[in-house]
Amino acid sequence: MQYDLVIKNGTVIDGSGLPRYRADVGVKDGVIATIGRIAAPANEIIDAEGHIVSPGFVDGHTHMDAQIFWDPIGTSSCYHGVTSVVMGNCGFTLAPCRKTEADLVFRNLERAEDISRDAMLAGIDWTWETYPEYLDVLDALPKGINYSGYVGHSALRTYVMGERAFTEEATEDELRAMIAQVEDSLRAGAMGFSTSRSMNHETSDNRPVASRAAAWDEMAAIVRAMGNMGAGIMEIAGEPNGAVPDRAARYFTDLKDLSIETGRPITFGMFGTRNAPGAWRPCFDIIEKANDEGGRLFVQVHSRALSVLLSFETNMPYDTWDVWRDIRALSLDEQKAALRDPDTKRRLIEIANKPYTGPEVIGTEARPPEWDWLLVLDTVAGPHRSVADIAKERNADPVETMIDLALEHDLKLFFMQPIANENQDDALEMMKHPRSVVTFSDAGAHVTQIMDNSLQSHIFSHWVREKQAFTLEEAVRLVTYDTATHWGFHDRGLLREGMAADIVVFDPDVMGARMPEVVTDLPAGAKRLKQMANGVNATIVNGQILLRDNEHTGALPGKLLRGPLARHR
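Residues numbered from 1 in each chain as written. Predicted model: local features only at pLDDT ≥ 70, side-chain atom pairs only at ≥ 80, totals over all residues. Heavy atoms only, no water.

J.: Is there a simple way to think about the overall build of the protein in this case?
T.: Along its length, the protein carries 18 helices and 25 strands. The C-alpha atoms of the protein give a radius of gyration of 24 Å, which matches the 25 Å a tight globule of 569 residues would have. Its C-alpha atoms put the protein at 75 × 60 × 45 Å along the principal axes. Sequence separation of 24 or more characterises 76% of the internal contacts of the protein that already satisfy a separation of 6 or more. Looking at the protein as shown, the accessible area adds up to about 21300 Å², and 48% of this sits on carbon and sulfur atoms. Each charge class in the protein was averaged separately, 57 positive and 83 negative side chains, and the resulting centres sit 1 Å apart. (Helix = DSSP H or I, 4+ residues; strand = E, 2+ residues; numbered from the N terminus. Rg over C-alpha atoms; globule rule 2.2 N^0.38 Å. Contact = heavy atoms within 4.5 Å. Areas by Shrake-Rupley, 256 points an atom, 1.4 Å probe, with all protein chains shown as cover. Lys, Arg positive; Asp, Glu negative; His and termini not counted. Charge placed at Lys NZ, Arg CZ, Asp CG, Glu CD.)

Right under this line is the structure:
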C-alpha cells in the first residue's frame with residue numbers, strides 16, 4: 001500500500017487511557033489505515049522521534065459560529081492541538097435568522113459573548129435563513145478543523161417572535177414553531193439545542209438575551225420534543241447562584257428530572273468560586289443521582305482559573321470612568337505620554353480610588369480590581385504576583401503601581417483578574433470527577449476579554465509536567481476520547497485503525513502555551529487576543545497536515561460533523 005501519510009518513530013498514546021507504546025501510524029484516504037511498523041512508501045512522512053502521537057483534541061464548548069467565516073482554521077484553538085469543536089453553545093447561534101433581522105442575533109452575541117458587531121457585519125456573507133440552510137453553508141465553507149453545532153434558543157426566539165423575544169413568553173403557536181425548527185435542525189445535523197438562563201448574558205442594549213425571557217416550560221417542551229425524536233444533547237448556561245445552595249439544588253434537580261423524563265443528555269459548565277467555597281460539591285451529588293436514576297447529566301469543567309485578561313491594548317478596569325475615558329480614547333503612544341504626566345497620573349489615581357457607581361459588570365467584563373486578586377501576567381507559568389503585594393514593596397498606591405508596571409512594559413503587560421476557579425485544588429477535584437468533561441474554552445467569544453483556547457495545552461504543561469496530577473495517558477484521554485464520546489463523535493478521539501485521522505504530534509517536555517498577544521486581524525480591524533503554543537510539531541485533520549510547528553500548510557481538510565439523525569438518514 002502507498003500511504004498518504006506515515007508518522008514514524010513516535011510514541012502512541014491512543015486516547016483510551018491505556019499505556020503508551022512505540023509505533024508508526026499510516027494514513028490513507030483520511031482514516032488511520034495501519035498502526036505498527038510500516039515500511040511501505042508514503043507521499044509524506046513525519047518523523048515523530050521523541051514526540052507523542054495522540055488523537056486530535058476535541059473542544060465541546062466554543063462560539064466559533066461567526067469566526068468560521070473569516071478564520072477557517074480555528075485559531076487560537078488549532079495551535080493547541082484542537083481538531084474538532086462544538087459551537088453554538090449557550091443559545092447563541094446565527095440561525096435560524098433572516099438576513100434582514102441579523103441585528104437581533106448580533107444583539108444577543110455582541111455583549112454577552114464580546115463578538116464585534118462590526119466584524120460580523122464585515123465578515124459574514126449571510127446566505128441562509130433556517131438552521132439546516134446554515135449547516136449547508138458551513139458544509140461548503142473551506143475549513144481547517146472540524147465543526148459541529150447546536151441550534152440556539154435565543155436565535156430561535158428572535159426568528160419566531162421578533163422583538164418580543166427579549167421581553168415576553170411565547171404563545172402556544174410560537175412554541176410549536178420553535179419546536180418545528182429544532183426538529184428540522186436535528187434532522188439536518190444539529191448536535192442538539194442550547195440555551196442560557198445566565199444572569200451574565202445580556203444584550204448590547206443592556207437587556208437579558210432572548211432565551212432568558214423564556215419560561216422553564218418552554219425550554220422543557222423543546223427538550224421533550226428532542227426526547228420524542230431520540231436525538232440531541234441539551235446544553236445550558238446555568239442559572240443558580242452558588243451562594244444560595246437551596247436554589248442551586250432545585251435547579252439541578254429540575255434538570256435531573258428533565259433528563260430522566262426525556263432520555264436526553266444535558267450538559268453545562270461548572271466552576272468553583274472563592275465567594276462560595278465547595279458550593280459545587282452538592283451539585284455533583286445531584287448529577288450523580290441523576291445518572292443513577294436513568295438520566296444523563298455531565299459537567300463541563302475548566303483546567304485552570306477563569307481569568308479576565310486586562311491590558312492597555314484591550315480593556316482596563318476604569319475605561320468608562322471620568323478622565324480615564326478620555327485618556328483611553330487616545331492612541332497607545334498618546335496614552336503613554338499622558339500616563340507619564342504627573343498631574344494626569346495623580347488625577348487618574350484619585351478617580352480610580354473612588355467607589356464604583358457605574359453600570360453593572362457582567363460575565364467576563366473588566367471590573368474594579370480587588371488588588372489581592374489582580375495578578376501580573378509576566379510569564380505563562382507563573383507564579384503570578386498580585387498588584388497589592390508589589391504595591392506594598394514599592395510603598396505605592398495600587399493604582400499607581402498598576403500604571404507604572406504597564407509603562408515599564410511599554411503598555412503591553414497583561415493583568416489577570418480571576419473571577420472563578422481561583423482554588424486550584426477544587427479545579428483539580430472537578431477535573432478528576434467521573435461526571436465531568438474537561439472543556440469550556442469559549443473559543444470564538446470574549447475575544448478581547450479571556451484567552452482560554454489554551455486550556456488543553458495547559459493540562460500538559462501544568463497538571464502533567466509541573467504538578468504530576470495526571471499521567472500523559474490520563475491527560476490525553478481527558479481531551480480526546482472523553483470529549484469525543486460525550487458528544488457522539490464515535491469515529492474520533494481514539495487512534496484505531498478505521499478511525500478518522502485527526503492526530504496531534506507533540507513534545508510532552510515543552511508542550512504548553514506561549515504568552516498571549518493582541519492582534520487586529522478580525523474583519524473591520526477589530527481586536528482580539530491570540531495565543532500560540534510550544535511543542536506542537538504537527539496537527540493533522542482528516543489525514544492532512546493542517547499545521548507544522550503552528551504554521552498553516554495551506555490545507556483545509558476540515559469537515560462539518562453532523563449529528564446522528566443526519567448521519568443515519
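Once the structure has been displayed, the description carries forward.
J.: Sorry, what's going on with the pairing of strand S3 (residues 31-36) here?
T.: One face of the sheet, then the other: side chains in a regular strand alternate in exactly this way. Judged from the five bridges that link them, strand S2 (residues 21-28) and S3 form a sheet pairing that is antiparallel. Paired with glycine 26 across the strands is threonine 34, a residue of S3. As consecutive antiparallel partners, S2 and S3 are separated by two residues, and within that stretch aspartate 29 has a phi angle of approximately 55 degrees, a positive value. (Pairing = 2+ DSSP bridges.)

J.: I would appreciate a short explanation of the sheet that holds strand S14 (residues 306-310) in the present structure.
T.: Within a sheet, each strand pairs with its neighbour through backbone hydrogen bonds, oriented either parallel or antiparallel. Reading across the sheet, the three strands line up as S14-S16-S15 and stay open at both edges, with antiparallel pairing between neighbours. Each edge of the open sheet is held by one strand with a lone partner, namely S14 and strand S15 (375-377). Strand-to-strand twist in this sheet, taken as the mean axis angle between neighbours without regard to direction, amounts to 40 degrees. Here three bridges tie S15 to strand S16 (residues 414-420), and the two strands are oriented antiparallel to one another. Note on S16: the bridge partner recorded for valine 376 is phenylalanine 415. (Axes fitted to C-alpha atoms, helices over the stretch in contact; angles between N-to-C directions.)

J.: Would you take a moment to explain the pattern of salt bridges for this structure?
T.: Working definition: two side chains of opposite charge can pair if their charged atoms are close together. Applying the stated criterion across every chain, the model contains 49 salt bridges. In this structure, lysine 8 and aspartate 24 form a salt bridge, with 3.2 Å as the shortest nitrogen-oxygen distance. One end of the pair, lysine 8, is in strand S1 (residues 3-12); the other, aspartate 24, is in strand S2, with 16 residues separating them in the sequence. Put simply, aspartate 322 and arginine 325 hold a salt bridge, and the shortest N to O gap is 3.2 Å. (Salt bridge = Lys/Arg side-chain N within 4 Å of Asp/Glu carboxyl O.)

J.: When you look at the state of the cysteines in this model, what are you seeing that I'm missing?
T.: Joining two cysteines, a disulfide is a covalent bond between their sulfur atoms. Per the stated rule, a full pass over the model turns up zero disulfides. Residue cysteine 90 stays outside any disulfide, its sulfur separated by 17 Å from that of cysteine 283, the closest cysteine. (Disulfide = S-S within 2.5 Å.)

J.: In this structure, what is going on with the packing of aromatic side chains? I would like to understand it.
T.: A ring pair, where both rings are aromatic, is described by two values, the distance of the centres and the angle of the planes. Following the criterion strictly, the structure yields 18 aromatic pairs and no others. Aromatic side chains phenylalanine 106 and tryptophan 126 sit 6.0 Å apart centroid to centroid with 75 degrees between the ring planes, which places their arrangement in the edge-to-face category. Note that phenylalanine 106 is positioned in helix H1 (residues 102-110) and tryptophan 126 in the loop between helix H2 (117-123) and helix H3 (131-140), a separation of 20 residues in sequence. Here phenylalanine 106 and tryptophan 126 have matching classes, each one buried. Here the aromatic rings of phenylalanine 271 and phenylalanine 440 are separated by 5.3 Å at their centres, their planes lie at 90 degrees, and the arrangement is edge-to-face. Note that phenylalanine 271 is positioned in the loop between strand S12 (266-269) and helix H8 (280-292) and phenylalanine 440 in the loop between strand S17 (436-438) and helix H15 (455-466), a separation of 169 residues in sequence. Since its relative accessible area comes to 22%, phenylalanine 271 is described here as partly exposed. A network of ring pairs unites the aromatic residues Phe69, Phe106, Trp126, Trp128, Tyr131 and Tyr134 as a single cluster. It is lysine 432 that lies over the ring of phenylalanine 470; its NZ or CZ is 5.2 Å from the centre. (Phe/Tyr/Trp six-rings, centres within 6.5 Å; stacked < 30°, edge-to-face > 60°. Buried < 20%, exposed > 50% of the residue type's maximum accessible area, 1.4 Å probe, protein only. Lys NZ or Arg CZ within 6 Å of the ring centre and 35° of its normal.)

On their own, these measurements won't tell you what the molecule is for.
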